[in-house]
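# Residue-level structural notes
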Amino acid sequence: MKGPNIEKKSGADRFAQFSAQASTWVGSRWAFLVAVLVILIWAITGPMFHYSDTWQLIINTGTTIVTFLMVFLIQNTQNRDAKAINLKLNELIHAVDKAHNQMIDIEKLSDVELDELSARYEKIRSAFEDRRKRELIEK
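Quick summary incoming for the structure in this document. Fair warning: this is a prediction, and the values are worked out from it, not measured in the lab.

### With respect to the packing of helix α1 (residues 11–26) against helix α3 (residues 53–95)
- As a packed pair, α1 and α3 sit with axes 9 Å apart at the nearest point and diverge in direction by 110°. On the basis of their axis angle, the class for α1 and α3 is roughly perpendicular. Contacts from Phe-15, Ala-16, Phe-18, Ser-19, Ala-20, Ala-22, Ser-23 and Val-26 in α1 reach Met-70, Leu-73, Ile-74, Asn-76, Thr-77 and Arg-80 in α3.
- Its residues placed into classes, the contact of α1 with α3 shows nine nonpolar, four polar and one charged.

Encoded structure:
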C-alpha cells in the first residue's frame with residue numbers, strides 16, 4: 001500500500017509541521033535550560049531594578065505570552081497524534097478478523113454511548129477474571 005500523496009504543502013500542513021517541530025524543541029532539555037537561564041537572569045537583575053513593578057511585569061508578561069502560544073502548539077500536536085493513533089487502531093480493528101468493526105471511530109460516540117460501551121467491556125473483563133480465578137482454584 002502506498003503512503004499518502006504529498007505534493008504541495010498547504011498552510012495547514014506547514015502549521016502542523018511547524019507545531020510538531022516546535023513541540024519537539026520546546027519539550028527538550030535545552031528549552032528547559034533556556035527557560036531556567038531566563039528566570040535566573042531575571043532573578044539576578046531584581047536588585048538592580050529594586051524589585052520594581054516593571055521588573056515583575058516583565059516576567060509575568062513574558063511567561064503569559066509563552067504559555068498562551070504554547071497552548072495552541074501543544075493542542076495542535078495532540079490533536080494530530082490522537083487522530084493518527086485512532087487511524088492506526090482503526091486499521092488494526094479492520095485487519096483482525098475477530099475484531100468488532102463497530103469499534104472503528106468510536107471516538108465520535110457521545111459520552112453516554114461510550115459509558116455504555118465501557119460498562120459492556122467491564123462485564124467482559126470481570127467475567128474473564130472470574131473464570132481465571134475458578135481455573136486457579138481448580139488447579
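From this point on, the discussion continues.
### Remarks on a nonpolar patch on the surface
- Together, Trp-25, Val-26, Trp-30, Phe-32, Leu-33, Val-34, Val-36, Val-38, Leu-40 and Ile-44 line one region of the surface with nonpolar side chains, adding up to about 990 Å² of accessible area.
- With eight residues, helix α2 (residues 29–44) is the largest single contributor of residues to the nonpolar patch.
- By the element assignment, Val-34 lies in helix α2.

About the thresholds
Residues numbered from 1 in each chain as written. Predicted model: local features only at pLDDT ≥ 70, side-chain atom pairs only at ≥ 80, totals over all residues. Heavy atoms only, no water. Axes fitted to C-alpha atoms, helices over the stretch in contact; angles between N-to-C directions. Helix = DSSP H or I, 4+ residues; strand = E, 2+ residues; numbered from the N terminus. Parallel < 35°, antiparallel > 145°, perpendicular 65-115°, else oblique. Contact = heavy atoms within 4.5 Å. Nonpolar A, V, L, I, M, F, W, Y, C, P; charged D, E, K, R; others polar. Patch = residues over 30% accessible without salt bridge, like charges linked within 9 Å, V, L, I, M, F, W, Y side chains within 5 Å. Areas by Shrake-Rupley, 256 points an atom, 1.4 Å probe, with all protein chains shown as cover. Salt bridge = Lys/Arg side-chain N within 4 Å of Asp/Glu carboxyl O.

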